[in-house]
Amino acid sequence: MRKNRFYLLFIAMGIASIVMLWDSSENVITPPKAEPAPQIPYAFAENAATRYFNDNGVLEYAFTANLLEHFRVLGDNRQPVDEYTMVDHPHFTIYQEDTPWHVESVDGKLVRSSEQIALWDTVRIWQEPPERLPGEEAPAYREASELTTEKLDINPVEKVAYTDEPVKILTPYGVINAVGMTANFKNRKIELHHKVHAIHRIPEDRSLNE
Amino acid sequence: LPDDRLQDLSISADSAELDDLNGTTTYAGSVIVEQGSMKIRAEKVVIYGRKDTYSRVVATGTPARLSQVPKPGQEPVTARANRMEYQITSETLILLDNAAFRQEGTSLSGNRIEYDVKKAVVRAGGKADAEGDDRRVRMVIPPKALSKEDEQPADNNKSSNRP
């Protein structure tokens, strides 16, 4: 019985730490005494996982990370003016109608005030191919698309991602290289800003039709 | 060339927009499209189709320009128009508005020119609702091309009389 109680306590603490880090609507955490220099995180979570539901209760995005380190930025009067979280190996799953998009990188930073997420170091966005219905023929090749860059800023609520770095988009039908990109997951448009070079592969079986 | 349409399509441009919902990819700014010997230069190019089913390429410019070698060893065919539509399936190139087409010295201009890439056959017409010169098609056949056609009948007579 004692083991169960300990186990429940541990889960409650885990959830509480996630809520503390993420719940930006009210200030759950009563600010402790003046903190030392902000470079020391005042809260952290290992193997963090969270999900964001919209007002209709529909899952909009899910987020996991190896390590979250939470920092506070103090103003001149030593009061907190902003908060940010450094993230190790963040992974986002942004849910669309049929196939979710995945976004991951080695490093990331979440800024509470602007709700912006900055990702850098091997940033990868990809979309799994739609699930095959039972009995449906497997496509000749995986139809996943993938985008890679070195830096990316994401607004998860607006579902927009932006970079001014080189990007590479790989699909089974070709490859596009460019510099600078804005990807809008809501209207499923990707704008490539400069130096675009694309190769559209014409399929072997030449099944070109309307 | 006959196997141009089997080659990959290579495109360079200043910017691009991939629209997954409408199934279009729009390239803008100094656009160059190459597929085998076919080369298009335009201000904007829209590719219709997604995944592996491209149906057509629309190039616009002032004007947009195209060149393509019909057969090995032949002079490139050149075309220009403010709007070019290349129907990939039927291999038909439609030139609209300020259109001009040139093949082995013969040039053709008008408001609408259709070129069957596979058969290397061209058809021209004016704009139905155009007035005056806009309705007319102009064709220029250089003397050299003309004289070659004049000699042709004489040769045939000689060969047919041979025992």
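Residues numbered from 1 in each chain as written. Chains lettered and ligands numbered in written order. Predicted model: local features only at pLDDT ≥ 70, side-chain atom pairs only at ≥ 80, totals over all residues. Heavy atoms only, no water.

**A short note on the overall build of chain A**
To keep it simple, the criterion reads: Counting from the N terminus, the helices are the DSSP runs of H or I reaching at least four residues and the strands are the DSSP runs of E reaching at least two. Where accessible areas are quoted, they stem from the Shrake-Rupley method and a 1.4 Å probe; at the residue level, only the protein chains shown are allowed to cover.
Scanning chain A from terminus to terminus reveals one helix and 11 strands. Ordered by position from the N terminus, the helices and strands of chain A form the series α-β-β-β-β-β-β-β-β-β-β-β. Counting every atom, chain A has about 12,700 Å² of accessible surface; 56% of that belongs to carbon and sulfur.

**A closer look at the overall build of chain B**
What counts is decided by this rule: Three labels apply to residues, based on accessible area from a 1.4 Å probe with only protein chains included: buried if under 20% of the type maximum, exposed if over 50%, partly exposed otherwise in between. Contact between two residues is taken to exist if any of their heavy atoms lie within 4.5 Å; hydrogens are not considered.
Counting its secondary structure elements, chain B contains one helix and 10 strands. With 163 residues in all, chain B has 39% of them scored as buried. Nonlocal contacts in chain B, meaning residues at least 24 apart in sequence, comprise 34% of its contacts between residues at least 6 apart. A total accessible area of about 9,100 Å² is found for chain B, and carbon and sulfur atoms account for 48% of it.

**Re the nonpolar core**
Short version of the rule: By nonpolar core we mean a set of buried residues, namely Ala, Val, Leu, Ile, Met, Phe, Trp, Tyr and Cys, connected to one another through side-chain atoms within 4.5 Å.
Grouped together as the largest cluster of nonpolar side chains are 65 residues, with contacts concentrated most on Val-103, Leu-152 and Leu-192 of chain A together with Tyr-27, Met-84, Leu-93 and Leu-95 of chain B. When sequence neighbours within four positions are dropped, the list of residues in contact with Leu-95 of chain B reads Ala-79, Arg-80, Ala-81, Arg-83, Met-84, Ala-100, Phe-101, Asn-111, Arg-112 and Ile-113 of chain B.

**Quick notes on the packing of aromatic side chains**
Put simply, the rule is: When the centres of two rings from Phe, Tyr and Trp lie within 6.5 Å, Trp using its six-membered ring, the rings pair. Their planes under 30 degrees apart give stacked, over 60 give edge-to-face, and anything left gives tilted. Counting as a charge over the ring demands two things of the Lys NZ or Arg CZ atom: a distance within 6 Å of the ring centre and an angle within 35 degrees of the ring normal.
Applying the stated criterion across every chain, the model contains five aromatic pairs over all chains. Each ring, one from Phe-101 of chain B and one from Tyr-115 of chain B, has its centre 4.7 Å from the other, and the planes form 50 degrees; the classification is tilted. Here Phe-101 of chain B is found in strand β7 (residues 92–103), whereas its partner Tyr-115 of chain B is found in strand β8 (residues 106–116), with 14 residues between them in sequence. Of the two residues examined, Phe-101 of chain B and Tyr-115 of chain B, each falls in the buried class. Taken together, the ring pairs in this structure connect Tyr-52, Tyr-61, Phe-63 and Phe-92 of chain A into an aromatic cluster. Above the ring of Tyr-84 of chain A, the side-chain terminus of Lys-109 of chain A is found at 4.5 Å from the ring centroid. In this structure, Arg-56 of chain B packs its charged tip against the face of Tyr-48 of chain B, placed 3.9 Å from the ring centre.

**Description of the confidence of the model for chain B**
Residues and elements named next belong to chain B. Spelled out, the test is: What pLDDT expresses is the predictor's confidence in each residue, scored from 0 to 100.
Put simply, chain B has an average pLDDT of 80, and 75% of its residues get 70 or more. This model gives residues 154–163 a pLDDT under 50, and the stretch forms zero contacts once residues within four places in sequence are excluded. Model confidence for the complex is summarised by a pTM of 0.70, with the ipTM given as 0.75.

**Some remarks on the interface of chain A and chain B**
Interface size is often expressed as the accessible area that is lost when the parts come together. In plain terms, the rule: The term buried area refers to how much accessible surface (probe radius 1.4 Å) is lost by two components on association, counted for both of them together. A pair is scored as a salt bridge if a Lys or Arg side-chain nitrogen falls within 4 Å of a carboxyl oxygen belonging to Asp or Glu.
Tallying the contact residues gives 27 residues for chain A and 28 residues for chain B. For the pair chain A and chain B, the two sides together bury roughly 2,600 Å², of which 51% comes from carbon and sulfur. Taken together, the connections running from chain A to chain B amount to three salt bridges. Here Lys-189 of chain A makes a salt bridge to Asp-19 of chain B, at a shortest N to O gap of 3.8 Å.

**What to know about unusual backbone geometry**
Here the residue pair Thr-62 of chain B and Pro-63 of chain B is connected by a cis peptide bond, since its omega of -5 degrees sits within 30 degrees of zero. Structurally, the position occupied by Pro-63 of chain B is in strand β5 (residues 53–68). Phi angles above zero are rare outside glycine, and His-89 of chain A is one such case at about 55 degrees. Among the structural elements, His-89 of chain A can be located in the loop between β3 (80–88) and β4 (91–94). A relative accessible area of 38% means that His-89 of chain A is categorised as partly exposed.

**Description of the side chain of Thr-149 of chain A**
Residue and element names in this part refer to chain A. What counts here: Counted as a polar contact is a pair of N or O atoms within 3.5 Å, where, for protein atoms, one must be capable of donating a hydrogen and the other of accepting one, and residues adjacent in sequence contribute only when both atoms are in side chains.
Mapped onto the elements of the fold, Thr-149 is located in strand β8 (residues 145–155). With a relative accessible area of 5%, Thr-149 lands in the buried category. At 2.8 Å, the side chain of Thr-149 forms a polar contact with the backbone oxygen of Pro-166. In contact with Thr-149, other than residues within four places in its own chain, are Thr-122, Val-123, Thr-163, Glu-165, Pro-166 and Val-167.

**Observations regarding the pattern of salt bridges**
By the definition in use, this model includes 13 salt bridges over all chains. The salt bridge partner of Lys-151 of chain A is Asp-164 of chain A, with a shortest N-O separation of 3.8 Å. Taken together, the residues Lys-151 of chain A in strand β8 and Asp-164 of chain A in strand β9 (residues 160–171) connect sequence positions 13 residues apart. The residue Arg-188 of chain A makes a salt bridge to Asp-20 of chain B at a minimum N-O spacing of 2.6 Å. Placement of the pair is Arg-188 of chain A in the loop between β10 (174–184) and β11 (189–200) and Asp-20 of chain B in the loop between β2 (15–19) and β3 (24–35), with the two residues belonging to separate chains. Exposure remark for Arg-188 of chain A: the relative accessible area of 17% places this residue in the buried category. One salt-bridge network, in which partners are shared between bridges, spans Arg-72, Glu-83 and Arg-112 of chain A.

**Here we look at the environment of Thr-148 of chain A**
Residue and element names in this part refer to chain A. Within the fold, Thr-148 resides in strand β8. Here Thr-148 falls in the partly exposed class, since its relative accessible area comes to 27%. Residues Thr-148 and Glu-128, 20 residues apart in the sequence, show an inter-C-alpha distance of 15 Å. Once residues lying within four places of it in the same chain are set aside, the contact partners of Thr-148 are Val-123, Arg-124, Pro-166, Val-167 and Lys-168.

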